[in-house]
Amino acid sequence: MSKQFFPGVGQPISYEGRESKNPLAFKYYDKNRRVGDRTMGEHLRFAVAYWHTFMGTGADMFGGPSFRREWHKASDPMERARDTMDAAFEFAHKLTADYYCFHDRDIAPEGESFSHSCRNLETMVERAKDIQKATGIRLLWGTANLFSNPVYSQGAGTSPDAHVFAYAAAQMKNAIDATHTLGGENYVFWGGREGYETLLNTDLKREQEQMARLLHMAVEYKNRIGFKGQFLIEPKPAEPTKHQYDFDAATTISFLREYGLLEHFKLNIEANHATLAGHSFEHELAVASAAGMLGSVDANRGDLLLGWDTDQFPNDITGTAFAMMIILKQNGLGKGGLNFDAKVRRSSVDPTDLFHAHIGGMDTFARGLLIAHQIIKEKVLDNIIEERYNSFKSGIGAQIMAGKSSLEDLEKWILREGAPAVRSGRQELLENILNSYVV
Ligand code: XLS
Ligand code: NI
Ligand code: NI
């Protein structure tokens, strides 16, 4: 790597401990420290998101770019792509992140034709492969951007136009190839425009059947080329489409089950998408995990006063503690990781702000991990939850769950035993206990 895009950060960020006042040091994330059976780095598997961190310009609906990134200055699109890639690897290296994630169109610009775009992608994939080898930084997941190009304005897999469907399929094939070539550990499907705007022009059932067909084709292709990565679906209720089919974890799981796709997929749960769906982050993680479907996480946060995907960096310790409890309980994310699908604010114009943002997110998850580990180790909640369901472990409860009681039996039992006593759920006590670990 010739040019330096982050000259202000000379050394890779290191752990200095909680007393440190250095803004460019970790206070909690100590990559090689063991927590239980693995290191912090192995637990957390942080990834940097190419689109926000390297492609982001600070533009919003009311104003153009506010960042003047050095790596965006070249006028030739492929030169710009090369500079951006150099910046991405320099950044991940200095951040000591082991992984990155991209959309096909993040790493390579669209050309004048489909085949031109494919050539651009292949060129950039070859380049990424070399840099991955040189730096040891790996690809957590790749994905296809099937929402920016105007051809996808009425959906990709769910478009009413078979020509558009075919275009999406062809683009997806190339994105899977790119991910496969780069040894990607997962491949993500997020359907930003896979939904509808109005039922006046929409056959909802047909569109979901089309989406299932596209996913079946992806599974067949994966098997044909021997891609070993995990397929992940990322639920989101809306935005850009008004109503998206992969609304939340439960909806997505039921869709996969209905179309015979369940065994081929896991979920990539994004914190901000959870809140947009009217759920908490931990609810979505818990639903996915309970179904054995929690594969990876898009680690960010929303703003509860704003109704869109603000994609901010995580800074809520209670939230990450909850998340890590669920992740630890299922023995980790396997091939998945914590991808910072998050962007700095429009006013955070300095490249160094990207470091502050990621360091904060990593420290917040590291604290969450330490707290979660401690709570699980001391069985603080486990014992209480176990105890809460005790009545189902013997007597009438065990009979019910063994399928040995009918409604009539239970009526008889109640006539004999009378009404149940009301027992406290102890919510406030538990909240106090959780807080005592967080502080
Ligand atoms: C958008 C999504 C997107 C996916 C990848 O809201 O979070 O960034 O993670 O396509
Ligand atoms: Ni995301
Ligand atoms: Ni998102």
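Preceding this section is the structure that the text describes.
The model shown is predicted, which means the values in this text are computed figures rather than measured ones.

Student: It is not clear to me how the overall build of the chain should be interpreted in this structure. Could you clarify?
Tutor: Secondary structure summary: the chain contains 16 helices and 14 strands in total. Radius of gyration (C-alpha) of the chain: 24 Å, near the 22 Å computed for a compact globule of 439 residues. Seen along its three principal axes, the alpha-carbon backbone of the chain occupies a region of about 85 × 60 × 45 Å. Nonlocal contacts in the chain, meaning residues at least 24 apart in sequence, comprise 76% of its contacts between residues at least 6 apart. Summing over all exposed atoms, the chain offers an accessible surface of approximately 21,300 Å²; the carbon and sulfur share of this is 53%. Where the 49 positive side-chain charges of the chain centre and where its 57 negative ones centre are 4 Å apart.

Student: Would you mind going over the coordination of the nickel ion (ligand 2) with me for this structure?
Tutor: Each pair of donors in an ideal four-coordinate tetrahedral metal site encloses 109.5 degrees, whereas pairs in an ideal six-coordinate octahedral site enclose 90 or 180 degrees. Summarising the metal site, the nickel ion (ligand 2) is bound by the protein donors Glu234 (OE), Glu270 (OE), Asp298 (OD) and Asp341 (OD), whose distances to it range over 2.0 to 2.1 Å. In this structure, the nickel ion (ligand 2) is coordinated by six donor atoms arranged in octahedral fashion, with angles at the metal of 81 to 176 degrees. Sequence spacing among the residues donating to the nickel ion (ligand 2) works out to E-x35-E-x27-D-x42-D. The distance between the nickel ion (ligand 2) and the nickel ion (ligand 3) is 3.7 Å, with Glu270 acting as a donor to both metals. With Asp298 in strand E13 (residues 294-298) and Asp341 in the loop between strand E14 (338-340) and helix H12 (351-377), this pair connects stretches of sequence that are 43 residues apart. In this structure, Asp298 and Asp341 share a single accessibility class: buried.

Student: Is there a simple way to think about the packing of helix H3 (residues 77-95) against H12 in this case?
Tutor: The packing of two helices is summarised by the inter-axis angle and the distance between the axes. At a closest axis distance of 11 Å, the pairing of H3 and H12 adopts a crossing angle of 45 degrees. The orientation of H3 with respect to H12, classified from their angle, is oblique. Crossing of H3 against H12: the hand is right-handed. Facing Phe91, Lys94 and Leu95 of H3, the residues of H12 in contact are Leu354, Phe355, His358, Ile359 and Met362. When grouped by side-chain class, the residues that make up the contact of H3 with H12 number six nonpolar, one polar and one charged.

Student: Explain the coordination of the nickel ion (ligand 3) to me, please; I cannot follow it from the model alone.
Tutor: Protein-derived ligands of the nickel ion (ligand 3) are Glu270 (OE), His273 (NE2) and Asp309 (OD), with the metal-ligand distances lying across 2.1 to 2.3 Å. Mapped onto the polypeptide sequence, the residues donating to the nickel ion (ligand 3) form the spacing pattern E-x2-H-x35-D.

Student: I tried to follow the site of ligand 1 on my own but got confused; where do I start?
Tutor: Around ligand 1, the surrounding shell consists of Trp51, His103, Trp141, Trp190, Glu234, Lys236, Glu270, His273, Asp298, Asp309 and Asp341. Between ligand 1 and Glu270 there is a distance of 2.7 Å, counted from an oxygen atom to a side-chain nitrogen or oxygen. Protein burial of ligand 1: of its 290 Å² of free accessible surface, 94% is covered by the chains. Among the residues forming the shell around ligand 1, the class breakdown is three nonpolar, two polar and six charged.

Student: Quick question: what am I supposed to make of empty space enclosed by the protein here?
Tutor: With a probe scaled to a water molecule rolled over the atoms, the places where space remains empty come into view. Overall, the coordinates contain three cavities of 30 Å³ or more when judged by the stated rule. Taken as a whole, the largest cavity holds about 140 Å³ of empty space. In terms of lining residues, the largest cavity is bounded by 16 residues, among which Leu146, Phe189, Trp190, Gly191 and Met211 are the most central. Elements represented by at least two residues in the lining of the largest cavity include exactly strand E8 (186-189) and helix H7 (204-225).

Student: Is there a simple way to think about the environment of Pro314 in this case?
Tutor: Mapped onto the secondary structure, Pro314 falls in the loop between E13 and helix H11 (317-329). Beyond its immediate sequence surroundings of up to four residues, Pro314 is in contact with Ala299, Asn300, Arg301, Phe340, Gly360, Gly361, Thr364 and Phe365.

Student: Please explain H3 as it appears in this structure.
Tutor: An α-helical turn contains 3.6 residues, so a residue and the one three or four places further along point in the same direction. Look at H3: 26 Å from first C-alpha to last across 19 residues, which is about the 27 Å you get at 1.5 Å a residue. Counting buried residues in H3 gives 14 out of 19 residues, a clear majority hidden from the surface. In the stretch just after H3, Thr96 is the one whose phi turns positive, near 60 degrees.

Student: Just to check I follow, could you spell out the pairing of strand E6 (residues 99-103) for this structure?
Tutor: Strand residues, when the strand is regular, have side chains that alternate between the two faces of the sheet. Here E6 lies mainly inside the structure; five of its five residues are buried. With burial as the criterion, each face of E6 is covered, one bearing Tyr99, Cys101 and His103 and the other bearing Tyr100 and Phe102. Strand direction decides the pairing type here: strand E5 (residues 46-49) and E6, joined by three bridges, are parallel. Following the sheet pairing, Ala47 is matched in E6 by Tyr99. Judged from the five bridges that link them, E6 and strand E7 (residues 138-143) form a sheet pairing that is parallel. For Cys101, the partnering residue across the bridge sits in E7 and is Trp141.

Cut-offs applied
Residues numbered from 1 in each chain as written. Chains lettered and ligands numbered in written order. Predicted model: local features only at pLDDT ≥ 70, side-chain atom pairs only at ≥ 80, totals over all residues. Heavy atoms only, no water. Helix = DSSP H or I, 4+ residues; strand = E, 2+ residues; numbered from the N terminus. Rg over C-alpha atoms; globule rule 2.2 N^0.38 Å. Contact = heavy atoms within 4.5 Å. Areas by Shrake-Rupley, 256 points an atom, 1.4 Å probe, with all protein chains shown as cover. Lys, Arg positive; Asp, Glu negative; His and termini not counted. Charge placed at Lys NZ, Arg CZ, Asp CG, Glu CD. Donors = N, O, S within 2.8 Å, 3.2 Å for Na, K, Ca; no water. Tetrahedral: all angles 85-135°; square planar, octahedral: opposite > 155°, others 65-115°. Buried < 20%, exposed > 50% of the residue type's maximum accessible area, 1.4 Å probe, protein only. Axes fitted to C-alpha atoms, helices over the stretch in contact; angles between N-to-C directions. Parallel < 35°, antiparallel > 145°, perpendicular 65-115°, else oblique. Left-handed = near helix turned anticlockwise from the far one by under 90°. Nonpolar A, V, L, I, M, F, W, Y, C, P; charged D, E, K, R; others polar. Near = heavy atom within 4 Å. Polar contact = N/O pair within 3.5 Å; in protein donor to acceptor, adjacent residues only side chain to side chain. 1 Å grid on protein atoms, 1.4 Å probe; cavity = no way out; pocket = protein on both sides within 12 Å on 5 of 7 lines; lining within 4 Å. Points joined across faces, edges and corners; volume = space filled by probe spheres on them. Expected span 1.5 Å × (residues − 1). Pairing = 2+ DSSP bridges.

In short, the description is geometric, and any link to function would need to be established separately.
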